[in-house]
Amino acid sequence: MLTLAACCAPLKAQAFCGFYVGKADGTLVNHASQVAVVRHDNKTVISMMNDYQGPMTDFALVVPVPVVLEKGQVHVGDPQLFAQLEAYSTPRLVEYFDPDPCEIVRPMPLMAMASGVGAAAPAAPPMQDRALGVTVEAQYTVGEYDIVILSAKQSDGLETWLKQNGYKIPPRASAALAPYIKQDMKFFVAKVNLEEHRKTGLQYLRPIQFAFESPKFMLPIRLGMINANGPQDLIIYLLTRDGRVETTNYRTVKMPTGENIPEFVRDDFKGFYKSVFNEQVERNDMRAVFTEYAWNMGWCDPCATSPLTPDELRSLGVFWLDQQPPSRGQFMPAPYGGGAIPVMLTRLHVRYSADSFPEDLVFQETGDSENYQARYVMQHPWTGTENACPAAHSYFENLRARQMQEAQTLADLTGWSLDSVIKKAGLKGDQQPNPWWQKIWN
Amino acid sequence: MDDSAALAPRFRFRFSGLFADARMFQILALGVLFAAGVWLRDFSLRPAQIVLTFAAALVTQRLTWRFYPPKARSYRSAIITALSLTLLLRADDLLIHPIAAAAAIGSKSLIRFRGKHLFNPAAFGVIFALIALPHTWVSAGQWGQDVALAGWLVALGALVTERARRGDISWSFLVFYLGATALRVAWLGQRFAVWEHQLSNGALLLFAFFMISDPMTGPNHRWGRLAQSALVAAIAYWWQFHFYSTNGLIWALVVAAPMVPVWDLVWRAPKFEWNEGENHGPDRLEASAHPADRNGADARGVLRAA
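Conventions used here
Residue positions within a chain follow its written sequence, with the count starting from 1. Key to labels: chains lettered from A, ligands numbered from 1, both in the order written. For this predicted model, a pLDDT threshold of at least 70 governs which residues receive local features, and a threshold of 80 or more governs which side-chain atom pairs are given and counted, while totals over whole chains, interfaces and linings are taken from all residues. Segments assigned H or I by DSSP are reported as helices when at least four residues long, segments assigned E as strands when at least two residues long, and all are numbered from the N terminus. Comment: burial labels come from other C-beta atoms within 10 Å of the residue's own C-beta, placed from the backbone, where a count of 20 or more is buried, 12 or fewer is exposed, and between is partly exposed. We call two residues in contact if the C-beta atoms placed from their backbones are at most 7 Å apart. One requirement defines pairing of two strands: DSSP has to find at least two bridges between them. Helix axes use the C-alpha atoms of the stretch in contact, all axes being lines fitted to C-alpha atoms, and the angles between their N-to-C directions lie in the range 0 to 180 degrees. Between 65 and 115 degrees an angle is taken as roughly perpendicular, under 35 as roughly parallel, over 145 as roughly antiparallel, and anywhere else as oblique. Helix crossings fall into two classes, left-handed where the near helix is turned counterclockwise from the far one by less than a right angle and right-handed where it is turned clockwise. Side-chain classes follow a simple rule in which Ala, Val, Leu, Ile, Met, Phe, Trp, Tyr, Cys and Pro form the nonpolar group, Asp, Glu, Lys and Arg form the charged group, and the remainder, Gly included, forms the polar group. The term nonpolar core refers to a group of buried residues, namely Ala, Val, Leu, Ile, Met, Phe, Trp, Tyr and Cys, whose C-beta atoms join them within 7 Å. Confidence of the predictor at the level of single residues is given by pLDDT, which spans 0 to 100. The domain limits used here are those given by an automatic or database domain assignment. Here a helix's expected span is defined as the number of its residues, less one, multiplied by 1.5 Å.

A word on the overall build of chain A. On a plain count of helices and strands, chain A comes out with eight helices and 21 strands. Expressed as a percentage of the 442 residues in chain A, the buried residues total 49%. Pairs at least 24 residues apart make up 80% of the contacts formed inside chain A by residues separated by at least 6 positions.

Given below as structure tokens:
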């Protein structure tokens, strides 16, 4: 297990594992952070992505790490990697078309399209140096970041250091930092080097990555709660060699999947999924971590986008690909099957508050290599008329029942009222299924 | 996880028949936990895995019949082991659970020292699967706070009701382990909620009440049990907070098992025998004169002292 920090979520906002420290007054809020954790044999590579929108000058990122990181262990990545990860693993909507009931030979239903929700987020944050009860273990610039690795002996050491360096520290920072200091963890502190940032010509911050070796396989979300107002969302992509990842100190729950839902959801699938997630969070009392995707990185079905290429995986830190015998799989972005590779992607989505998640997230790689995805199904009705043939009549009768069922499912999944769903689905009262007794005597 | 202990005469008098055997309480308690897990939680367990676990455990138990004296032949321990394995072990292959169950039950006959089997069968089955079989894991976090809380109540209730004489090891283990984790939380300056959260670990619950308290594999003398519980708690703590490894409790129980014969040498006391309540009938009071019950009296002393 390793340690680290960073995080967050596309759908909601504000989160992450380290915390941002603002130099100036202002609201210190980071939106939609995501973290990618590559892990194998105690070796960990973490990439952190935040869509921080504030002034580059004022923000710093503070992340507890288990060891002192040398310059070579830190890297600045391509935000496109997160966009790709997000798109590949996002909950998806698939559609099928009902066949013509009048046809004698029924063609197989065809899977047509997949669409995703969520959007990748942009960049990360910054920081500064000096010591006072604090030791500067290392100091260097990587990409647009000035990085300092600190260790502290006292619980308020880092807070003092940050304050002396002109940063406005959230009031409870010291208490939140104390447990990490006691565990002899170091602090990875990064701030934006404006000159370097200017050279990149980018308006956003690129993801910061670091590699280290430690038995700790965890994500220090507690620190991120300091400057959070309300619950935070975090999306964690975990890339492992063999099996999906779950949390060992919280329940890991799979999102509902494979449900048939009304067609109108297509217009706002993102809104739909957001509601489903909200509902699940509520039902689990905001005390569970949700699995949204767990799939072998070599393929997908259906594919929201193609799997990451070997180069992209390597950029994320998947270091074992070169060591693999070629027999285990080929890198074929095969949209509809095949091509397994020794990389399993688990996408976890967690919404947490200080009360509901008293401890940092601790993970384990399980032996479970079964593929899973949060996938919702739209079944388009046949577009013919009821009088086209005798079979069409019973088709439409069944269709009504099915559409009501889909409406019910949608209401259950999202917590929306059934009436509003029926209205939105365009179902009328007479589309409700006939009473069970109607056919008894007629 | 065969657990629990010799029953005192008074107690046996009260709970005659089936429930004179402490294992029935365990089967009941584990059954309730299992049902709660299956109905209220996604336990990632396939029905076929459950069936195969029980089948393998019972068949293996039957195959090893000849190692047991006729009076000691019972499927109860096998049922407890099967329940424990289905509660703890996860695998994405159908063959894993039956193999682990067979190994667990088989270990009772094969790995013995001075007339006692060395390893708690369920703990052995889990560790055997984790080491030797692919695609296996233990989902310690899958219980959730509410179910874990209910589980604690059930387990504590069962322990108190049954007044298991060798339940003293459960208590002392909890004191050592929870004491150590509480001290750690205090030292780190964390909130009490963290400690509370650590209690909601289903594996801890199963462990404390159904594994470490297994009288067949625990030390015979109460001082031995005290020493063993401290050792197991220390290893588990180290495993989890020093090495940051998972499943510390189960590993600790297995790793510390070889010390049990040592404690038995240092502090001598009669070996435990299960009391098959329904077999004793009116003889049960006489049966209490069995050496095992003298041992039970030891434990009672500890409980009182506590």
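The discussion continues.
A few words now on the overall build of chain B. For chain B, the helix and strand inventory stands at 16 helices and four strands. For chain B, the proportion of its 306 residues judged to be buried stands at 53%. Excluding contacts between residues fewer than 6 apart, the proportion of contacts in chain B whose partners are at least 24 apart in sequence is 79%.

This brings us to the sheet that holds strand β12 (residues 218–219) of chain A. Residues and elements named next belong to chain A. If you walk across this open sheet you meet the three strands as β12-β19-β14, and the pairing is antiparallel. One side of each edge strand has no neighbouring strand; the edge strands of this open sheet are β12 and β14 (245–247). With three bridges connecting them, β14 and strand β19 (residues 361–365) associate as antiparallel partners. Residue pairing for β19: T247 is matched across the bridge by F363.

All names here are of chain B. The contact between helix α11 (residues 222–241) and helix α13 (residues 259–266) brings their axes to 9 Å, and the two run at 150 degrees. With respect to their mutual orientation, α11 and α13 come out roughly antiparallel. Seen along the crossing, α11 lies across α13 with a hand that is right-handed. The residues of α13 that touch α11, namely those facing G224, A227, Q228 and L231, are M259, V260, W263, D264 and V266. A breakdown of the residues in the contact of α11 with α13 according to their chemical character gives six nonpolar, two polar and one charged.

The next thing to look at is the environment of A55(B). Looking at the element boundaries, A55(B) is found in helix α3 (residues 47–63). C-beta crowding within 10 Å serves as the criterion here: with 15 such atoms nearby, A55(B) is assigned to the partly exposed category.

What follows is about the nonpolar core. Grouped together as the largest cluster of nonpolar side chains are 89 residues, with contacts concentrated most on L150(A), F188(A), I236(A) and L239(A). Those residues in contact with L150(A) that sit more than four places away from it in its chain are V134(A), T135(A), V136(A), E137(A), L158(A), W161(A), K186(A), F187(A) and V189(A). I96(B), A101(B), I105(B) and A203(B) belong to the second largest nonpolar core, which has 70 residues in total.

Next up on the list: the interface of chain A and chain B. Taken residue by residue, the interface counts 27 residues in chain A and 26 residues in chain B. Residue composition of the side of chain A that touches chain B, by class: eight nonpolar, 10 polar and nine charged.

The next subject is the packing of helix α4 (residues 76–88) of chain B against helix α10 (residues 202–211) of chain B. In helix packing, the relevant descriptors are the interaxial angle and the interaxial distance, both defined with respect to the helix axes. Residue and element names in this part refer to chain B. Two elements in contact, α4 and α10, have axes separated by 11 Å at closest approach and are oriented at 160 degrees. Relative to α10, α4 is oriented roughly antiparallel. α4 and α10 meet at a crossing whose hand is left-handed. Counted together, S84, L87 and L88 of α4 and A203, L206 and F210 of α10 form the full contact between these two elements. Here the contact of α4 with α10 is built from residues that sort into five nonpolar, one polar and no charged.

Next up on the list: unusual backbone geometry. Residues and elements named next belong to chain A. Following D301, the chain continues into P302 via a peptide bond in cis, with omega recorded as -5 degrees. Positioned with a positive phi, D41 is a non-glycine residue whose angle comes to about 50 degrees. Tracing the backbone shows D41 in the loop between β2 (34–40) and β3 (43–49). Even without being glycine, D285 reaches a positive phi, approximately 60 degrees. Structurally, D285 can be placed in the loop between α5 (269–283) and β17 (288–296).

Residues and elements named next belong to chain A. Burial analysis of β2 places six of its seven residues in the buried class, the great majority of the element. Examined bridge by bridge, β2 and β3 share seven bridges and lie antiparallel to one another. Residue pairing across strands places A36 opposite S47, the latter belonging to β3. The loop that links β2 with its antiparallel partner β3 comprises two residues; one of these, D41, has a positive phi angle of about 50 degrees.

All names here are of chain B. Looking at chain B as a whole, its pLDDT mean stands at 77, while 78% of the residues score no less than 70. Scored below 50 in pLDDT, residues 277–306 makes 56 contacts in the model with residues more than four places away or belonging to other chains. Scored by ipTM, the complex comes to 0.78, with pTM at 0.82.

Here we come to the pairing of strand β18 (residues 344–352) of chain A. In the case of a regular strand, side chains alternate between the two sheet surfaces. Residue and element names in this part refer to chain A. Counting buried positions along β18 yields nine of nine residues, so the element is predominantly enclosed. The pairing of strand β13 (residues 232–240) with β18 spans nine bridges and is classified as antiparallel. Opposite L239, over in β18, you have L345 as the bridge partner. Sheet topology places β17 next to β18; seven bridges connect them, and they run antiparallel. Directly across from W295, in β18, lies its bridge partner L345.

The next thing to look at is the environment of A173(A). Considering the arrangement of structural elements, one finds A173(A) in helix α3 (residues 173–182). Given 22 C-beta atoms within 10 Å, A173(A) falls into the buried group.

All names here are of chain A. Parsing chain A into structural domains produces domain 1 (19–93 + 115–376) and domain 2 (384–431). Taken together, the elements giving at least two residues each to the side of domain 1 that touches domain 2 come down to β16 (259–261) and α5. A per-class count over the side of domain 1 that touches domain 2 returns seven nonpolar, two polar and two charged.

For helix α6 (residues 121–132) of chain B, with 12 residues, the first-to-last C-alpha span of 16 Å sits near the 16 Å given by 1.5 Å per residue. Buried positions along α6(B) lie against α4, β1 (89–91), α5 (96–110), β4 (136–138), α10 and α12 (248–256) of chain B.

Right, let's talk about the environment of P55(A) for a bit. Residue and element names in this part refer to chain A. Residue placement: P55 occurs in the loop between β3 and β4 (59–65). What makes P55 exposed here is the crowd of 12 C-beta atoms within 10 Å. The spacing of P55 and D233 is 178 residues in sequence and 22 Å in space, taken between C-alpha atoms.

We now examine α11(B). Taking 1.5 Å of rise per residue, the 20 residues of α11(B) would be expected to cover 28 Å, and the 28 Å separating its terminal C-alpha atoms lies within 8% of that figure. Of all the positions in α11(B), only R222(B), G224(B), R225(B), L226(B), A227(B), Q228(B), S229(B), V232(B), A233(B), A236(B), Y237(B) and Q240(B) are classed as buried.

Before going further, it helps to examine the confidence of the model for chain A. Low-pLDDT stretches of the model should not have their predicted coordinates read in fine detail. On average, residues of chain A score 78 in pLDDT, and 78% of them are at 70 or above. Throughout residues 326–337 of chain A the model reports pLDDT below 50, and contacts reaching past four residues in sequence, or to other chains, amount to 23 contacts.

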